[in-house]
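An overview of the molecular structure
In case you want the letters, here they are:
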Amino acid sequence: MARVRMSGRERREQLLDVARALFAEKGFEAASVEEIAHRANVSKPVVYEHFGGKEGIYAVVVDREMQSLLAGMTRALSEDAHPRLLLERAARALLDYIEGSTDGFRILVRDSPVATSTGTFSSLLNDIASQVEHILGVQFSKRGYDAKLAALYSQALVGMVALTGQWWLEARKPKKDEVTAHLVNLSWNGLSNLEGKPGLREKS
């Protein structure tokens, strides 16, 4: 098959797309520059020219996925709204990302063997938790609770949603809105006050 003539930018994007799919399918260790080049229909030196090797292209793929997920979560938490709605939006933002960027999420939740500018998935969750902590701190203060405990609660909430998201990545049942509603039900009402049939206040 003849090689397609591309600009440097187009070739770089093509290689990133190919590598992203391969890393999601096989993981970092099993993927190779040779297979990236083969799938992109280029020679290995082209991959090295753009990224310096497998570690370089992997770092860019991971960094992009982290920025995408963090941007979605930031948007969900940026508007001033009732805390329950913010919780709904944050949970839905993560599930939206898993649904729309399944390959990206598969890459993120694997243990990253390469240091990237963004760090690891756990450090990304800490970034999100710090935003949740700020929101919870304001709400705790308004209600007379100890604002110092907002950090603990934010870690618990983000951890619960993230771990459920990893499970839902494979299960895909129940539907996304139902999963969101149950997450909010548990985190908002607690086990002792669970709603029998929880629903969302804000429809997607």
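Note that residues are indexed from 1 along each chain, following the sequence as it is written. Given that the model is predicted, a residue must reach a pLDDT of at least 70 before its local features are reported, and side-chain atom pairs must reach 80 or more before they are shown or counted; all residues, however, enter totals for whole chains, interfaces and linings. With hydrogens and water stripped out, all remaining heavy atoms of the structure feed into the side-chain values.

1. Considering the overall build of the protein chain
Stated precisely, the cut-off is as follows: For helices the rule is a DSSP run of H or I covering at least 4 residues; for strands it is a run of E covering at least 2, with both sets numbered from the N terminus onward. Only heavy atoms matter for contacts: two residues are in contact if any of them lie within 4.5 Å across the pair. Values of accessible area rely on a 1.4 Å probe in the Shrake-Rupley scheme; residue burial ignores everything except the protein chains shown. Neither His nor the chain termini are counted; the positive set is Lys and Arg, and the negative set is Asp and Glu. By convention, the charge on Lys lies at NZ, on Arg at CZ, on Asp at CG and on Glu at CD.
In terms of helices and strands, the protein chain carries nine helices and zero strands. Projected onto its principal axes, the C-alpha positions of the protein chain cover 65 × 35 × 30 Å. Taking the contacts inside the protein chain whose residues are at least 6 apart along the sequence as the reference set, 65% of them involve residues at least 24 apart. For the protein chain, the exposed surface amounts to about 11,200 Å²; the carbon and sulfur share of it is 52%. A gap of 3 Å separates the mean positions of the 27 positive and 26 negative side-chain charges of the protein chain.

2. Overview of the side chain of Asn185
Test applied: Only protein chains enter the accessibility calculation, which uses a 1.4 Å probe; a residue is then buried when its area is under 20% of its type maximum, exposed when over 50%, and partly exposed in between.
With respect to the helices, strands and loops of the structure, Asn185 is situated in helix α9 (residues 176-189). Overall, the relative accessible area of 2% leaves Asn185 in the buried class. For Asn185, the residues in contact, after removing those within four places along its chain, are Gly190, Leu194, Glu195 and Pro198.

3. What about the nonpolar core?
Our working definition: For our purposes a nonpolar core is just a set of buried Ala, Val, Leu, Ile, Met, Phe, Trp, Tyr and Cys residues, chained together by side-chain atoms within 4.5 Å.
Judged by nonpolar contacts, the single largest core of 61 residues is most densely connected at Leu15, Phe23 and Ile36. Here Phe23 is in contact with Phe28, Ala31, Ile36, Lys54, Ile57, Tyr58, Ile107 and Arg110, once residues within four sequence places are set aside.

4. Comments concerning helix α8 (residues 150-171)
Since the α-helix turns once every 3.6 residues, residues separated by three or four places project in the same direction. Put simply, the rule reads: A helix is expected to span 1.5 Å for every residue after the first.
For α8, built from 22 residues, the straight-helix expectation of 32 Å at 1.5 Å per residue is met to within 8% by its first-to-last C-alpha distance of 31 Å. Where α8 is concerned, the buried positions are Ala150, Ser154, Leu157, Val158, Met160, Val161, Ala162, Gly165, Trp168 and Leu169. Looking at the buried residues of α8, the elements they touch are α5 (83-100), α6 (102-109), α7 (121-142) and α9. Looking one or two residues beyond α8, the residue adopting positive phi is Arg172, at roughly 60 degrees.

5. Considerations on the UniProt feature "DNA-binding region" (unreviewed entry) in the protein chain
Filter applied, for reference: UniProt positions are given in the numbering used here, feature names are shortened, and annotations may be inferred rather than shown by experiment.
Residues given the UniProt feature "DNA-binding region" (unreviewed entry) here are residues 32-51. Taken end to end, residues 32-51 comprises 80% helix and 0% strand; its first and last C-alpha atoms sit 13 Å apart.

6. Describing the packing of aromatic side chains
Worth spelling out the cut-off: In this scheme Phe, Tyr and Trp rings, the latter by its six-membered ring, pair at centre separations within 6.5 Å, and the angle between planes marks the pair as stacked below 30 degrees, edge-to-face above 60, and tilted otherwise. Here, over-ring charges are defined by two tests on the NZ atom of lysine or the CZ atom of arginine: distance to the ring centre within 6 Å, and angle to the ring normal within 35 degrees.
Using the criterion set out here, one finds seven aromatic pairs in the structure. Here Phe140 and Tyr145 contribute two aromatic rings whose centre-to-centre distance is 5.7 Å and whose plane-to-plane angle is 90 degrees, an arrangement assigned as edge-to-face. Through successive ring pairs, a cluster of aromatic residues spans Phe23, Phe28 and Tyr58. We note Lys54 situated over the ring of Phe28; from NZ or CZ to the ring centre the distance is 4.3 Å. Its end group placed over the ring of Trp168, Arg172 keeps NZ or CZ at 5.0 Å from the ring centre.

7. So, the packing of helix α1 (residues 8-30) against α6
To characterise two packed helices, one gives the angle between the axes of the helices and the distance between these axes. Rule in force here: Axes, fitted as lines to C-alpha atoms, cover a helix only where it is in contact. Angles between the N-to-C directions of the axes lie from 0 to 180 degrees. Throughout this description, any angle smaller than 35 degrees is read as roughly parallel, any larger than 145 degrees as roughly antiparallel, any in the 65 to 115 degree range as roughly perpendicular, and the remainder as oblique. For a crossing to be left-handed, the near helix must be turned anticlockwise from the far one by less than a right angle; the clockwise case is right-handed.
Look at α1 against α6: their axes get within 8 Å of each other, and the N-to-C directions meet at 60 degrees. The orientation of α1 with respect to α6, classified from their angle, is oblique. Taken as a pair, α1 and α6 cross one another with a handedness that is left-handed. Seen from α1, the contacting residues are Arg20, Ala21, Phe23 and Ala24; seen from α6, they are Asp103, Gly104, Arg106 and Ile107.

8. Examining the UniProt feature "domain: HTH tetR-type" (unreviewed entry) in the protein chain
The UniProt feature table records "domain: HTH tetR-type" (unreviewed entry) at residues 9-69. Between the C-alpha atoms that bound residues 9-69 the distance is 23 Å, and the span itself is 89% helix and 0% strand.

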